[in-house]
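Structural features, examined
This is what each chain is made of:
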Amino acid sequence: MAENAIEMLGITKTFPGIVANDNVDLIVKENEILALLGENGAGKSTLMSILFGSYDADSGVINIRGKKVNIKDPNDATALGIGMVHQHFKLVHNYTVTENIVLGIEPTNKLGMLDMATAEKRVAELSEQYGFHVNPKDRIEDITVGMQQRVEILKTLYRNADIIILDEPTAVLTPQEIDELMEIIRRLKAEGKTIILITHKLKEIKAVAERCTVLRRGKTIGTVNVANVTEQQLAEMMVGRAVKFEIDKAPACPGNVVLSLKDISVKNSRGQIAVNNLSLDVSAGKILGIAGVDGNGQSELIFAITGMLPLQSGKIFLNGQDISNYSIRKRIEVGIGHVPEDRQKHGIVGPFTVAENIVLKNYYKAPYTHHGCLIDSKAMKKIADSLISEFDIRTGEGSSTLTESMSGGNQQKVIVAREINLSPQVLIIAQPTRGLDVGAIENIRKRIISERDKGRAIC
């Protein structure tokens, strides 16, 4: 067997207005864990999408175990033993675990009928073998995000993948789930798998990877042995400058209570009480943190404050005014901003441009609309261009770039930029740095502190 499992040589891929991969080389040894590190928009996911057959490279060569291959689509990649777990899961929520895993390769019996019993048995065996503890009969909509990710990994194993690409696998996981995933990755290596780990999180690279290849603005910066470098050195390779991991901040100077919740109860999508008789106050000039394992009511609490779920009981007050029955638009207008935890579902409209997403919440007001009906595209472009520069949003064609074509981290920057630009009295932020590189995390944290110091109430 060849020493190198993968050789990607001279890979170039361009999109309108941007070179995503610029003559990139990537070498992955057999049965190693290689980290692929880079800032938002560096070209990591594009490179792996080429390896998995989702994109065609403009130029370059791919060798798998010493043999040149032409990967035209994911079916070719699957046939070569390559599997990919995408950052945004590709699961059908009302299907069972097994139905998702076998989708497209459904097993049949001798009569040509669907044989789910055999499939469930195989899924259970794989789950037991790798310590996943996944129930083959559970529906995706009823299991945690961490379990959903295990289902995605099981999909690759069910298809006999021995090269597994994990694209930002910990972006939506709790610390405990991250630890469990790191152990799963070690177990996959022990089973002889070759792993490519795309991540921004330096601690995870130090925890499991043997080597790390760094991309910056589409170019290969270098490959290092993880044991021989510090997290600080990796961060500097990634963003091209020194990065502060701790943010300097002055003590908070809290003012009056801005947001007040009085004995609120909220039901989840299954009709169960997720928030039970909760009261809390958020003051101006203060950041209130809310922590908890996913599924313990944080999402429902945010949805209730922002108007996305009704209250079962209790009241919500903004500056003493009862807003419990206000619509979502009305809450935005009186000063509630919201950075959602699911950016693609609740934060952006993918087919809209960056400019359109920037003004998504106030497009009907001056200066973006005249006489209540005429959109001023120049005004939209002006504010979008300003925020693109201020928040270092990496786009291909400036403010006219379709948001769905951008990396997840840059989509997140669009949302954060929009919400801060609205200057809300209360800023509700769920996972503000999810999917961001260390440089972007540093900048976003500074902006949140700056908003606090301007007297915003932040939760």
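Structural notes, computed from the coordinates.

Reading the values: the criteria
- Residues numbered from 1 in each chain as written.
- Predicted model: local features only at pLDDT ≥ 70, side-chain atom pairs only at ≥ 80, totals over all residues.
- Heavy atoms only, no water.
- Salt bridge = Lys/Arg side-chain N within 4 Å of Asp/Glu carboxyl O.
- Buried < 20%, exposed > 50% of the residue type's maximum accessible area, 1.4 Å probe, protein only.
- Helix = DSSP H or I, 4+ residues; strand = E, 2+ residues; numbered from the N terminus.
- Pairing = 2+ DSSP bridges.
- Axes fitted to C-alpha atoms, helices over the stretch in contact; angles between N-to-C directions.
- Contact = heavy atoms within 4.5 Å.

**Considerations on the pattern of salt bridges**
- All told, the structure shown has 24 salt bridges when counted by the stated rule.
- For Asp76, the salt bridge identified is with Lys72, shortest N-O distance 3.3 Å.
- For Lys72, a relative accessible area of 51% puts it in the exposed group.
- Linking Glu451 and Arg447 is a salt bridge whose minimum nitrogen-to-oxygen distance equals 3.8 Å. In this pair, Glu451 and Arg447 are both assigned in helix H15 (residues 438–453), 4 residues apart and thus about one turn of the helix distant.
- Salt bridges sharing partners connect three or more residues here, namely Glu390, Arg447, Glu451, Lys454 and Arg456.

**Focus: the sheet that holds strand E3 (residues 33–38)**
- The 6 strands lie next to each other as E6-E7-E8-E3-E9-E10, forming an open sheet whose pairing is mixed. Both edges of this open sheet fall to strand E6 (82–85) and strand E10 (219–225), since each of them pairs with a single strand only. Between one strand axis and the next, the sheet turns by 20° as a mean value, whatever way the strands run.
- Alignment of E3 against strand E9 (residues 211–216), held across 5 bridges, turns out to be parallel. Counted as the bridge partner of Gly38 is Leu215 from E9.
- Helix-sheet contacts for helix H6 (residues 175–190) involve E3, strand E7 (163–167) and strand E8 (194–199), and the interaxial angle to E8 is about 155°.

**Quick look at the environment of Gln232**
- Tracing the backbone through its elements, the reader meets Gln232 in helix H8 (residues 231–239).
- Judged by its relative accessible area of 26%, Gln232 is partly exposed.
- Linking Gln232 and Phe245, residues 13 residues apart in sequence, is a C-alpha distance of 8.6 Å.
- Contacts of Gln232, omitting those with residues within four sequence positions, involve Ala242, Val243 and Phe245.

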